Every structure is written in structure tokens, then in C-alpha cells.
Amino acid sequence: MLDGKNIDLDTYATGWVFWFSFAGFVLGVGWMLWGTLKHRTGTNLAVTSQIPLNDSGEDIGLITKADHRTSSLIAALAVILLVVGWFYMDWSWPTRIPQQVLRITPPSLEEPARSAHAKGAKATYDPRSDTLVLNAQVSNTGAQPMKLVGFTTSNLMFGQGDGLSVEPAVVAPQQTVPLKVTIRNKVWSEQRLIPLNKPQMGVAGLLAFESADGKQNWVTTEAPVTPTAFR
């Protein structure tokens, strides 16, 4: 420790913790036994349930002067126990280490160069055919053509074999084109990914673009959804 002493953390001050907790336990058990064995509100529930809410029942003997004295005594003993315990702790362990907080700033990671960019995304959803249509302005700032190979949202990944179709199929280098992504899949309604009962609807996910050399660019997109019908 700070003062050079060695302690066993498995057994250190366990006696103090046990007996202090036991003293509070005795007070609680004493109050419980008084209320259930001696106190008439516990043994005369039929009478207790008939009196008004704010009536202590003193006129019929439910609450007596002895009850007031006992509750006051137990409350006073509880306060004394807390005060004595606080002074004993302060006297026995005058030097205490405050809570330690370690604050670190993680290093910034270098982001890989991206050649795919998307903006101005909007979407429509047809619940009758479970079809989501996402429209966005996509820019290819690279030197190779690229194509959209997938769309990820929630825990789902849509590819060319999962009802995903793209127009145009390829975005030429240094070009910005309107891209139309159509995803037809029953998962939209089965997993309630498009909440038709909400006043505002939206879809967010990652557009996976792949260039001719096999490198992929992941572009985050978020679009408001306009339903074309309601089921």
C-alpha cells in the first residue's frame, strides 16, 4: 500500500464489513418482527383494509404510543449506526485513494482513399411487391470504372442474386450519374424494416462499390422513404 503495508485483498476488513452489515440487519429484523408479531396492522388485516388511507387507526388501537416510540427508537439507532460507522471509517482509514479515471485519446486512423461518393439519396417503397427503390447521385473520382455489387442495411446484405438490380450497371471514371438501386425482397415486410405506421420513414446502409481491379469502396447513405401504397 502507499504506507508500505501489505494486505490480503481476499480477507482485508471483512470482519468490519460483516459486523457493520449485521448491525443494520438486526435493526431491520427487529422492525419487521415488531410490525408482524406485535403490531396489530399485520395481524388484523381485515380491519386495516377498511380504515381510510390517511387514518393511522389510533382510535381503535391499530397504532399505539408504543408503536410510535418503537419506530422512533429504531430510526434513531439507524442514524446513530450510520454516524458512528462514518467516524470509525474516517479514523481507521484517514488516507484514502480517490477513484482513478484514465483518460486517453485514441490515435486517428488514416482513412483509405475513396473513389466512390453518394449524395442526395431518396427512396420509395412499394409494400405490395416488397420493393425498395433507392435513387442517389453517385460520383466516381477514380481512374477505373466501378459498379455497385451490394447494399448492406441492419444485419442484411443484398447482392445481385438477392433481388438487387442497378441502373446504370457501371459508373465511368470522373463521372457523376444518377444511380437507381432496386431491391425486391420479402425481408422488408417480414422483418418490418420499413415502418409504414410511422410519420417519418427512412433507410440507411452501406453501398458497396467495386472497381475493375477488385478494390471495394463502402459508402454510407441515408435516405427518406416515401411509400407508394399502404397495405
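Above this note sits the structure.
## Concerning the pattern of salt bridges
- Tallying each qualifying case throughout the model produces one salt bridge.
- We note a salt bridge from Asp126 to Arg128, for which the minimum N-O separation is 3.1 Å.

## Notes on unusual backbone geometry
- Here Glu167 and Pro168 are connected by a cis peptide whose omega angle stands at -5°.
- As for its position among the elements, Pro168 is in the loop between β5 (164-167) and β6 (175-184).
- The phi dihedral of Ala13 is positive, around 60°, even though this residue is not glycine.
- Note on placement: Ala13 falls in the segment before α1 (14-38).
- Phi is positive for Asp130, which is not a glycine, with a value near 55°.

## Considerations on the nonpolar core
- Leu132, Leu134, Phe151, Phe158, Phe209 and Val225 are the most contacted members of the largest nonpolar core, which totals 30 residues.
- Excluding residues within four positions of it along the chain, Phe209 makes contact with Ala116, Val138, Met146, Lys147, Leu148, Leu179, Lys215, Gln216, Asn217 and Val219.

## Overview of the layout of surface pockets
- Its boundaries defined by the atoms lining it, the largest pocket holds a volume of some 320 Å³.
- Lining the largest pocket are Met1, Leu2, Asp3, Lys5, Ile7, Tyr12, Ser92, Trp93, Pro94, Thr95, Arg96 and Ile97.
- Of the residues that constitute the lining of the largest pocket, the class distribution is seven nonpolar, two polar and three charged.
- Considered as a void within the structure, the second largest pocket measures approximately 220 Å³ in volume.
- Lining the second largest pocket are 15 residues, and of these Ser115, Ser211, Asp213, Lys215 and Asn217 sit closest to its centre.
- Elements supplying a minimum of two residues to the lining of the second largest pocket: β7 (202-211) and β8 (216-227).

## Side note on the environment of Thr124
- By the element assignment, Thr124 lies in strand β1 (residues 116-126).
- Judged by relative accessible area, Thr124 falls into the partly exposed class, the value being 31%.
- C-alpha separation for the pair Thr124 and Leu134, spaced 10 residues apart in sequence, amounts to 6.7 Å.
- Residue contacts for Thr124: discarding those within four places in its chain leaves Thr131, Leu132, Val133, Val225, Thr226 and Thr228.

## Some points on the environment of Thr141
- Here Thr141 lies in the loop between β2 (131-140) and β3 (146-153).
- Sequence separation of Thr141 and Ala172 is 31 residues, and the distance between their C-alpha atoms is 9.1 Å.
- Excluding residues that lie within four positions of it along the chain, Thr141 makes contacts with Arg114, Ser115, His117 and Gln174.

## Topic: the sheet that holds β7
- If you walk across this open sheet you meet the eight strands as β4-β3-β7-β8-β1-β2-β6-β5, and the pairing is mixed. Each edge of the sheet is formed by a strand with only one pairing partner; in this case those strands are β4 (156-158) and β5. On average, each strand axis in the sheet is tilted by 25° relative to the strand beside it, whichever way the strands run.
- Here three bridges tie β1 to β8, and the two strands are oriented parallel to one another.

## Re the pairing of β6
- Pairing of β2 with β6 involves 10 bridges; the strand directions are antiparallel. Following the sheet pairing, Asn140 is matched in β6 by Gln175.
- For β5 and β6, the ladder comprises four bridges, and the chain directions are antiparallel. Counted as the bridge partner of Val166 is Val181 from β6.

## Structural notes on the packing of aromatic side chains
- Following the criterion strictly, the structure yields 11 aromatic pairs and no others.
- With a centroid separation of 6.3 Å and 45° between ring planes, the pair formed by Tyr88 and Trp91 is classed as tilted. In this pair, Tyr88 and Trp91 are both assigned in helix α4 (residues 65-92), three residues apart and thus about one turn of the helix distant.
- On the basis of relative accessibility, which here comes to 35%, the residue Tyr88 falls in the partly exposed class.
- Note on Trp91: relative accessible area 66%, which makes it exposed.
- Through a chain of ring-to-ring contacts, three or more aromatic side chains come together here, namely Trp16, Phe20, Tyr88, Trp91 and Trp93.

Scoring rules and cut-offs
Residues numbered from 1 in each chain as written. Predicted model: local features only at pLDDT ≥ 70, side-chain atom pairs only at ≥ 80, totals over all residues. Heavy atoms only, no water. Salt bridge = Lys/Arg side-chain N within 4 Å of Asp/Glu carboxyl O. Helix = DSSP H or I, 4+ residues; strand = E, 2+ residues; numbered from the N terminus. Core = buried A, V, L, I, M, F, W, Y, C linked by side-chain atoms within 4.5 Å. Buried < 20%, exposed > 50% of the residue type's maximum accessible area, 1.4 Å probe, protein only. Contact = heavy atoms within 4.5 Å. 1 Å grid on protein atoms, 1.4 Å probe; cavity = no way out; pocket = protein on both sides within 12 Å on 5 of 7 lines; lining within 4 Å. Points joined across faces, edges and corners; volume = space filled by probe spheres on them. Nonpolar A, V, L, I, M, F, W, Y, C, P; charged D, E, K, R; others polar. Pairing = 2+ DSSP bridges. Axes fitted to C-alpha atoms, helices over the stretch in contact; angles between N-to-C directions. Phe/Tyr/Trp six-rings, centres within 6.5 Å; stacked < 30°, edge-to-face > 60°.

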